[in-house]
Amino acid sequence: MNRKMIGKIMGFLLLLECLFLLPPALISIWDGERSALAALFTTMAISAGAGAILWLLCRNAERRFYAREGFLIVGLGWILLSAVGALPFWLSGEIPHYVDAIFEVISGFTTTGASILSNVEGMSRGLLFWRSFTHWLGGMAILVFLLAVVPMGKGGYSVHLLRAESPGPSVSKLVPKLRQTAAILYLLYIALTVLCVLFLLLGGMPLFDSLCTAFGTAGTGGFGIKNNSMAGYSPYLQSVCTVFMALFGINFSVYFMLLLGRFRQVFFNEEVLLYLGIMGGSIALITGNILSHYGGNIRKALHEAAFAVSSIMTTTGFATEDFDLWPQLSRSVLVVLMVVGACAGSTGGGIKCARLLLLWKSLSARLHQMLHPRSVSLIRVDGAVVREETIQGVNTYMAAYCAIGVVSFLILSLDNLSLETNLTAVLACLNNIGPGLDLVGPTSNYAHFSDLSKIVLMLNMLLGRLEIFPLLIMLSPRTWKKAG
């Protein structure tokens, strides 16, 4: 195992986190927030100092590393960044309990949006900005940013980082050079974010609000800067978020193909068609179901249904209404959408439409083979044959997903909260959504849970964002053994 390379990249990540803490520190300086500023500067010093020491100790590391190191770097990196990123909230006293502080930051970096805060508007603006900024950083993935800006050497070894951190059943390079792929992904991400900010500004939203809202929308995270999330903003601003949440739930390689003029590949992309079909069908179903709830006002019902479906399916978690008060059918559809999630290669969470597509095609092929034993059934997506290795990976992922969900649900049950609360809390955190139902609904938070349950939910957030395997591999004792 290349331990020095792991340490070197951890050092790079801590140095980057120090830089990422600079914008919220500048906001605290502008607003004269002494307590928040002291906490941010202390954290920056710790991050920069620890990062510099790690880099100096490991600077001569051999550049070669493989899949095992890639998984370890991703798992350790996200935990380390979260542990340090929680310090400003804790040191400032704005979140006095460290478990709560790290819960909030892990929720931010993993773009979950589950919160323990009951009064968001009472926070200092510097830390409020940092809270939302973690969504944007975690949305496209922090190590992808590292790949885009830091040369990782020749040999193609850094592809192990991209594959370990990128969401979906498989990942490929957009262009031959991996660093260029990472740069393209981030440029697309930045461009869409800037576009979202501009549309919000056109609707009269203040710059600070626009930036924080765009961070939550782009990262599909959902941390609001108001106690009522998005409910207090105009229908235009809510509609902007509805559209952009849906856009950020689409595989970013689709946008790259659009830039290249490959329109046929885009418009006949099976995953995107499935994603838009599920989203459109859910909006229509919920609109009809909640129509009486809004006195027959179809425009209002459609607006609220579209926002909720876009928010939940892309695992953003913004809210304009307390959908926990909607009819049972609408609530059930939203719970299903929590599991479905967005597209692979997007900033959204959930199982991903790509996996659902592969599972459906795999089931169809298996049934066909049972009826016609001598036939050979190939699974194709967008005309290309899917490798058996990919199908096995999807099946393994689903088995692990179900096992983790069941164990987490049983542990949360020790708190003696309602079944609906515990089940949707696990689904919301494992799928990186944020709000669930009952005590974790859109008008409530996760402060009800014990520290043990919060730790379990934090693990769920990390497992969901990192697609389970990097964290499981990191926690396995066999990973750390020297090869015999």
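Just so we're clear, the structure is a prediction, and the values are computed from it rather than from any experiment. (Residues numbered from 1 in each chain as written. Predicted model: local features only at pLDDT ≥ 70, side-chain atom pairs only at ≥ 80, totals over all residues. Heavy atoms only, no water.)

## Regarding the overall build of the chain
Defined as follows: Strands here mean DSSP runs of E at least two residues long; helices mean DSSP runs of H or I at least four residues long; both are numbered from the N terminus. Burial classification: accessible surface area is computed with a 1.4 Å probe over protein chains only, and a residue below 20% of its type maximum counts as buried, one above 50% as exposed, and the rest as partly exposed. Any pair of residues with heavy atoms lying within 4.5 Å of one another is described as a contacting pair. Per-residue accessibility takes into account occlusion by the displayed protein chains alone, with areas from the Shrake-Rupley method and a 1.4 Å probe.
Looking only at helices and strands, the chain has 22 helices and two strands in total. A total of 484 residues make up the chain; the buried ones form 57% of that total. When contacts within the chain are restricted to residue pairs at least 6 apart in sequence, long-range pairs at least 24 apart make up 72% of them. Total accessible area computed for the chain in this model is approximately 20,200 Å², and 66% of it derives from carbon and sulfur atoms.

## A few points about a nonpolar patch on the surface
Rule in force here: Patch membership requires over 30% relative accessible area and the absence of a salt bridge. Like charges are linked within 9 Å, and nonpolar side chains (Val, Leu, Ile, Met, Phe, Trp, Tyr) within 5 Å. A carboxyl oxygen of Asp or Glu within 4 Å of a side-chain nitrogen of Lys or Arg is what we treat as a salt bridge.
Taken together, the side chains of I190, V194, L195, L198, F199, L201, L202, L207 and Y236 make up a nonpolar region of the molecular surface, amounting to roughly 800 Å² of accessible area. Here the nonpolar patch takes seven residues from helix α10 (residues 178–202), the largest share from any one element. Structurally, L202 is set in helix α10. Note on L202: relative accessible area 68%, which makes it exposed.

## Some points on helix α6 (residues 98–109)
Heads up, the rule is: By this rule the span expected of a helix is its residue count minus one, scaled by 1.5 Å.
With 12 residues, α6 should cover 16 Å at 1.5 Å per step; its first-to-last C-alpha distance of 16 Å lies within 8% of that length. Counting buried residues along α6, 11 of its 12 residues qualify, which places the element largely inside the surrounding structure. Those residues of α6 lying buried are V99, D100, A101, I102, F103, E104, V105, I106, S107, G108 and F109. T111 sits one or two residues past α6 and shows a positive phi near 60°.

## Some details on unusual backbone geometry
In this structure, K352 is a non-glycine residue whose phi angle is positive, near 90°. Looking at where K352 falls in the secondary structure, it is placed in the loop between α17 (328–340) and α18 (353–371). Even without glycine at this site, N416 takes up a positive phi of about 60°. Checked against the element boundaries, N416 lands in the loop between α19 (388–412) and α20 (419–430).

## Considering the packing of helix α15 (residues 270–290) against α17
Convention followed: Angles shown run from 0 to 180 degrees and are taken between the N-to-C directions of axes, each axis being a line fitted to C-alpha atoms and, for helices, limited to the stretch in contact. The labels follow the angle: roughly parallel below 35 degrees, roughly antiparallel above 145, roughly perpendicular from 65 to 115, and oblique for the rest. In this scheme, a crossing is called left-handed if the near helix is turned counterclockwise away from the far one by less than a right angle; it is called right-handed if the turn is clockwise. Nonpolar residues are Ala, Val, Leu, Ile, Met, Phe, Trp, Tyr, Cys and Pro. Charged residues are Asp, Glu, Lys and Arg, and all others, Gly as well, are polar.
For the pair α15 and α17, interaxial distance at closest approach is 9 Å and the crossing angle is 160°. Considering the angle they form, α15 stands roughly antiparallel to α17. The chirality of how α15 crosses α17 is left-handed. Touching I278, S282, L285, I286, N289 and I290 of α15 are L329, S330, V333, L334, L337 and V340, all from α17. Partitioned by chemical class, the residues of the contact of α15 with α17 number nine nonpolar, three polar and no charged.

## Focus on the packing of aromatic side chains
Put simply, the rule reads: Each Phe, Tyr or Trp ring (for Trp, its six-membered ring) is paired with any other whose centre lies within 6.5 Å, and the angle between the two planes then decides the class: stacked below 30 degrees, edge-to-face above 60, tilted in between.
Inspection of every chain in the model, using the stated rule, returns 24 aromatic pairs. Judged by centre distance (6.1 Å) and plane angle (90°), the ring pair of Y189 and F248 falls under edge-to-face. Of the two residues, Y189 sits in helix α10 while F248 sits in helix α12 (residues 235–248), which places them 59 residues apart along the sequence. In this structure Y189 comes out as buried when scored by relative accessible area, which is 0%. Ring centres of Y446 and F449 lie 5.9 Å apart, and the angle between their planes is 35°; this geometry places the pair in the tilted category. Side by side, Y446 and F449 carry an identical accessibility label, which is buried.

Honestly, that's just the spatial picture; any functional story needs more than this.
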